[in-house]
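Take a look at the letters that make up each chain.
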Amino acid sequence: KGARAASLLHPRHVVLGRIHLLVARAARNVLATALDADVAEQLVRASIALRSCQALYLSETHWDLIEPKESLATGIDMLLSCDRKRLFAAFPIEYGCFSAASLAGAALRK
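Computed from a predicted structure; not experimentally measured. (Residues numbered from 1 in each chain as written. Predicted model: local features only at pLDDT ≥ 70, side-chain atom pairs only at ≥ 80, totals over all residues. Heavy atoms only, no water.)

Draft legend 1. Geometry of the nonpolar core. Of all hydrophobic cores here, the largest spans 22 residues; its most connected members are Val-44, Ile-76, Leu-87, Tyr-95 and Ala-101. With near-sequence residues (within four places) excluded, Ala-101 lies in contact with Ile-76, Leu-80, Leu-87, Phe-88 and Tyr-95. (Core = buried A, V, L, I, M, F, W, Y, C linked by side-chain atoms within 4.5 Å. Buried < 20%, exposed > 50% of the residue type's maximum accessible area, 1.4 Å probe, protein only. Contact = heavy atoms within 4.5 Å.)

Draft legend 2. Summary view of helix 3 (residues 37–57). Between its first and last C-alpha, helix 3 extends 31 Å over 21 residues, near the 30 Å set by a 1.5 Å rise per residue. Within the span of helix 3, buried status applies to Ala-37, Val-39, Ala-40, Glu-41, Leu-43, Val-44, Ala-46, Ser-47, Ala-49, Leu-50, Cys-53 and Gln-54. On the buried face of helix 3, the contacting elements are helix 2 (14–31), helix 4 (66–82), helix 5 (84–90) and helix 6 (92–95). Looking at where helix 3 begins, the residue whose side-chain oxygen comes 2.8 Å from the main-chain nitrogen of Asp-38 is Asp-36. (Helix = DSSP H or I, 4+ residues; strand = E, 2+ residues; numbered from the N terminus. Expected span 1.5 Å × (residues − 1). Polar contact = N/O pair within 3.5 Å; in protein donor to acceptor, adjacent residues only side chain to side chain.)

Draft legend 3. How the structure looks around helix 7 (residues 98–108). Every buried residue belonging to helix 7 is among Ala-101, Ala-104, Gly-105 and Leu-108, and all of these are buried. Projected down its long axis, helix 7 carries its buried residues within an arc of 100 degrees, all on one side. Elements in contact with the buried residues of helix 7: helix 3, helix 4, helix 5 and helix 6. (Arc of directions from axis to C-beta.)

Don't take any of this as a statement about function, it's just geometry.
Below you can see the structure in the form of structure tokens.
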């Protein structure tokens, strides 16, 4: 459904930001009960997309930025613990090795 909405709206439309937020929240709820690499990857993707949307209309100190930062850090940590190769392959530029991924996770939690 997100892809259909994205085809109709600008890729960073505020409505898509809301969809990404709900996807990230659902993924975090699933990961709270069971470790699942598919869900963790979706959490990382949704959090990255949400942060991109928010960057267009929120200042860097806005409190709404906390949740997607924590969600992204959680997704990175989950993939580092259960399927590193998947993290490195899915996000080669941002998190292509252990040190880059772990540093990014730590930076997000500052």
